[in-house]
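# Structural overview
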Amino acid sequence: QVQLVESGGGLVQAGGSLRLSCAASGRTFSSYSMGWFRQAPGKGRDIVACITGSGGSTWYADSVKGRFTISRDNAKNTMYLQMNSLTPDDMAVYYCAASLYGSQRVQRVDEYAYWGQGTQVTVSS
């Protein structure tokens with residue numbers, strides 16, 4: 001089992017940047033494929049980006065390609081999401097999640113077994 005804790009959310013002006021972190025417990029972090037999701041009020045939870053256990057392969061939603069970068073440091077049991085050129089459309093609660101399909105870029109919500117509590121990202125126009 002793994003426990004996930006997000007940090008780094010906050011208020012930023014449109015065009016600004018934030019870096020989210022997801023700290024994981026346990027000694028087998030590299031065996032988990034990881035993902036970032038977001039959920040805006042009244043909407044479903046959508047995938048933003050995902051990364052394989054080794055960090056060697058990533059995937060991004062079209063809406064964030066070229067602006068967001070997902071990465072991980074397995075030695076620190078931590079995953080990151082660098083978010084640049086933020087717009088009000090990016091405003092949501094951001095969640096990190098861990099999947100047991102460690103070698104795959106997992107995009108489905110129901111294929112993630114563990115979730116963090118979420119961190120709010122607010123973008124002012």
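As the structure is a computational prediction, the values presented were derived from the model and not from experiment.

### Quick look at the environment of Q1
Relative to the helices and strands, Q1 is located in the segment before β1 (4-7). Overall, Q1 belongs to the exposed group, its relative accessible area being 78%. Distance in space between the C-alpha atoms of Q1 and A98 is 9.9 Å, their sequence separation being 97 residues. Once residues lying within four places of it in the same chain are set aside, the contact partners of Q1 are Y32 and Y114.

### With respect to the pattern of salt bridges
In the structure shown here, the tally under the stated rule is 5 salt bridges. Put simply, D90 and R38 hold a salt bridge, and the shortest N to O gap is 2.9 Å. Placement of D90 in the loop between β8 (78-83) and β9 (92-99) and of R38 in strand β4 (residues 33-39) is noted, with a sequence separation of 52 residues between them. Owing to a relative accessible area of 1%, D90 belongs among the buried residues under this scheme. R38 gets classed as buried once you look at its relative accessible area, which sits at 13%. D90 is paired through a salt bridge with R67; the nearest N and O atoms lie 2.7 Å apart. Taken as a pair, D90 in the loop between β8 and β9 and R67 in the loop between β6 (58-60) and β7 (68-73) lie far apart in primary sequence, 23 residues in all. Both residues of the pair, D90 and R67, count as buried. One salt-bridge network, held together by shared partners, links R38, R67 and D90.

Cut-offs used in this document
- Residues numbered from 1 in each chain as written.
- Predicted model: local features only at pLDDT ≥ 70, side-chain atom pairs only at ≥ 80, totals over all residues.
- Heavy atoms only, no water.
- Helix = DSSP H or I, 4+ residues; strand = E, 2+ residues; numbered from the N terminus.
- Buried < 20%, exposed > 50% of the residue type's maximum accessible area, 1.4 Å probe, protein only.
- Contact = heavy atoms within 4.5 Å.
- Salt bridge = Lys/Arg side-chain N within 4 Å of Asp/Glu carboxyl O.

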